[in-house]
Amino acid sequence: MDEASRPLRVAIADDALLLREGIVKVLEGGGLEVVASVGTGDELVEVVRGGGVDAAVLDIRMPPSYRDEGIVALEALRASGSTIGVLLLSMYATPEYALRVMGAGSGTGYLLKERVSEPQTLVRAVETVASGGSVVDPEVVEQLVHRTRADDPLARLTERERSVLELMAQGYSNGGIAQTLFLGLKTVETHVRSILQKLDLEESPEHHRRVLAVLTLLGAR
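Residues numbered from 1 in each chain as written. Predicted model: local features only at pLDDT ≥ 70, side-chain atom pairs only at ≥ 80, totals over all residues. Heavy atoms only, no water.

Examining the sheet that holds strand E2 (residues 33–38)
Put simply, the test is: For two strands to pair, DSSP has to find at least two bridges joining them. Only runs of H or I of at least four residues qualify as helices and only runs of E of at least two qualify as strands under DSSP, and these elements are numbered from the N terminus. A contact between two residues is defined here by any heavy atoms of the two lying within 4.5 Å. Each axis is a line fitted through C-alpha atoms, taken for helices only over the stretch in contact, and angles between the N-to-C directions span 0 to 180 degrees.
Strand order in the open sheet formed by six strands is E2-E1-E3-E4-E5-E6, and the pairing between neighbours is parallel. Edge positions in the sheet fall to E2 and strand E6 (135–136), since each of these pairs with one other strand and no more. Note: strand E5 (residues 108–112) against E6, two bridges, orientation parallel. Directly across from Gly 109, in E6, lies its bridge partner Val 135. Sitting on the sheet, helix H3 (residues 69–79) touches strand E3 (55–59), strand E4 (85–90) and E5, and the angle it makes with E4 is about 170 degrees.

Right under this line is the structure:
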C-alpha cells in the first residue's frame, strides 16, 4: 500500500480501559488504524517519538495527578518538533483548557468525551487535526460566542461571519461550511477572507491563520 492510500495511524492514551476500547472501535470502524493504546501521557509521547503515528487521541486528565497530563503531553510533543495531529478529550467544556490546547498551534483539537458516542464526529475530528486543521467542541464554542467584553474583536463581524467562524472552530473546511450554511463555496471563501481581515490576522499559511481566528474566538470572553 502506498503512503497516500494507507489509513491514518492513530495512537490513543486514556487511563480508562473501557473508554480506550470504545475509541479504538469507533476509529477502526471509521477506517483508521489504531497502532497503540496506552494509559498515560508519558507513554503516548514515547509511542509518537518512535515514529509511525499520524495522529493522537488522549484524555486531558490522566495519572498521576489527573489534572492536565494530556495537555502537558501535547506541549511536550510540540516542543520536540512533532507536528502530528493531536485531539484532546475532556469530560467538561473548559474554555481555559481549549484555549491552551489551541495555543499549541495547528493540528490540534479539543472535544468532549461524549463525542465518542458520535462516530462520524470523532473520526472527522481526528482526520481534521491529522491534516493540520483545528477542532473545538461545539459546546465550548457555544459558551464562548455569547460572551462579550468591551473590546470584543468579534464585534467587527457580521452575524453570518460569526456563524462561519463558529464552524471554522469546529474544524469544518470551506466546503463543509458551504454545505452546512447552504452557501456557495465562493461566498464562504469571501466570508473567510473578510473574517481574517477584520481580526487583523496578517498573511501566513492558511491553517495558521484559521487557528489564530479560532484563538480570537476562544479568547473573546
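From this point, things continue past the structure.
A closer look at the pairing of strand E1 (residues 9–13)
We count it as follows: Accessible area is worked out with a 1.4 Å probe on protein chains only. A residue is then buried under 20% of its type maximum, exposed over 50%, and partly exposed in between. If you view a crossover with the strands going away from you and the path from the first strand over the helix to the second runs clockwise, you call it right-handed.
The element E1 is extensively covered by neighbouring structure, given that four of its five residues are classed as buried. In terms of strand pairing, E1 meets E2 through five bridges, oriented parallel. Each residue of the ladder has a partner; that of Ile 12, found in E2, is Ser 37. Handedness of the crossover joining E1 and E2 through helix H1 (residues 17–29) is recorded here as right-handed. Examined bridge by bridge, E1 and E3 share four bridges and lie parallel to one another. Within E3, the residue paired with Ala 13 across the bridge is Leu 58.

Considerations on the pattern of salt bridges
Note the threshold: The term salt bridge refers to a pairing of a side-chain nitrogen on Lys or Arg with a carboxyl oxygen on Asp or Glu at a separation within 4 Å.
Counted by the stated rule, this structure contains eleven salt bridges. Salt-bridge contacts for Arg 115 lead to Glu 114; the nearest nitrogen and oxygen are separated by 3.7 Å. The exposure class of Arg 115 is buried, given its relative accessible area of 11%. For Asp 137, the salt bridge goes to Arg 115, with nearest N and O atoms at 2.8 Å. Taken together, the residues Asp 137 in the loop between E6 and helix H6 (138–145) and Arg 115 in the loop between E5 and helix H5 (119–130) connect sequence positions 22 residues apart. Across the pair, exposure class does not vary: Asp 137 and Arg 115 are buried alike. What you see here is one network of salt bridges that share partners, running through Glu 114, Arg 115, Glu 118 and Asp 137.

Here's the deal with the environment of Ala 16
In this structure, Ala 16 sits in the loop between E1 and H1. In the structure, Ala 16 is positioned 46 residues away from Met 62 in sequence and 8.9 Å away in space, judged by C-alpha atoms.

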